[in-house]
Amino acid sequence: MSATDRLQRYLTDERGSCTSDAVQERLEELEELDAAVGGPDLEADVDLLSALSNETRYKIVRILHTADEELCVCEFAPLLDVSDSAISHALSQLTEAGLLTRRKDGKWRKYSVTNRATAILIALDGSRSVAR
């Protein structure tokens, strides 16, 4: 059964009857909806959420947010049970996703959260109290 056939069955169940014009009209509405949520913003959001989908990366963002100051790359090792290379890789991914900023201070690299990371964490914290 094609997707159009299923849509026609659904519209018939919902409306009592369904013409091919009604199916076409609904398809056009759905395509507009798809176009409204797609595009570069969707891809960027998925990249951002993917960057947070790992416990180490998420914890790094949380630590920086809670610290409310820059931290040196070397300060993460005592807090995370992963290798130094895993920490460096995680920091790079988070920086590329726009969740962290990085600056060089002599021979050290220091990291801080971006406003976007802070907004996401605030939204996550607030969503815990929302009951359905």
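Predicted model, so just to flag it, every value in this text is computed and none were measured.

Caption draft 1: Main features of the overall build of the protein. The secondary structure content of the protein amounts to six helices and three strands. Sequence-ordered secondary structure for the protein, helices as α and strands as β, is α-α-α-α-β-α-β-β-α. For 132 residues, the compact-globule estimate of 2.2 N^0.38 gives 14 Å, and the protein exceeds it by more than 25% at 23 Å. Over its C-alpha atoms, taken along the principal directions, the protein stretches across nearly 70 × 30 × 25 Å. A total of 132 residues make up the protein; the buried ones form 25% of that total. The long-range fraction of contacts in the protein, counting pairs at least 24 apart against all pairs at least 6 apart in sequence, stands at 47%. Here the protein contributes 16 positive and 24 negative side-chain charges, whose respective centroids are spaced 9 Å apart.

Caption draft 2: Spatial organisation of a nonpolar patch on the surface. Side chains of Leu 30, Leu 33 and Val 37 sit close together on the surface and give an oily, nonpolar patch of about 260 Å² of accessible area. Within the secondary structure, Leu 33 is located in helix α2 (residues 20–37).

Caption draft 3: The nonpolar core, seen in detail. Judged by nonpolar contacts, the single largest core of 21 residues is most densely connected at Ile 60, Phe 76, Leu 94, Leu 99 and Leu 100. Of all the secondary-structure elements, those providing two or more residues to this core are α3 (40–52), α4 (55–67), α5 (84–96) and α6 (115–127). Ile 60 has contacts with Phe 76, Leu 80, Ala 90, Leu 91, Leu 94 and Leu 100, leaving out every residue within four places of it along the chain. Ranked by size, the runner-up nonpolar core spans five residues in total, among them Leu 7, Leu 11, Ala 22 and Val 23.

What counts and how
- Residues numbered from 1 in each chain as written.
- Predicted model: local features only at pLDDT ≥ 70, side-chain atom pairs only at ≥ 80, totals over all residues.
- Heavy atoms only, no water.
- Helix = DSSP H or I, 4+ residues; strand = E, 2+ residues; numbered from the N terminus.
- Rg over C-alpha atoms; globule rule 2.2 N^0.38 Å.
- Buried < 20%, exposed > 50% of the residue type's maximum accessible area, 1.4 Å probe, protein only.
- Contact = heavy atoms within 4.5 Å.
- Lys, Arg positive; Asp, Glu negative; His and termini not counted.
- Charge placed at Lys NZ, Arg CZ, Asp CG, Glu CD.
- Patch = residues over 30% accessible without salt bridge, like charges linked within 9 Å, V, L, I, M, F, W, Y side chains within 5 Å.
- Areas by Shrake-Rupley, 256 points an atom, 1.4 Å probe, with all protein chains shown as cover.
- Salt bridge = Lys/Arg side-chain N within 4 Å of Asp/Glu carboxyl O.
- Core = buried A, V, L, I, M, F, W, Y, C linked by side-chain atoms within 4.5 Å.

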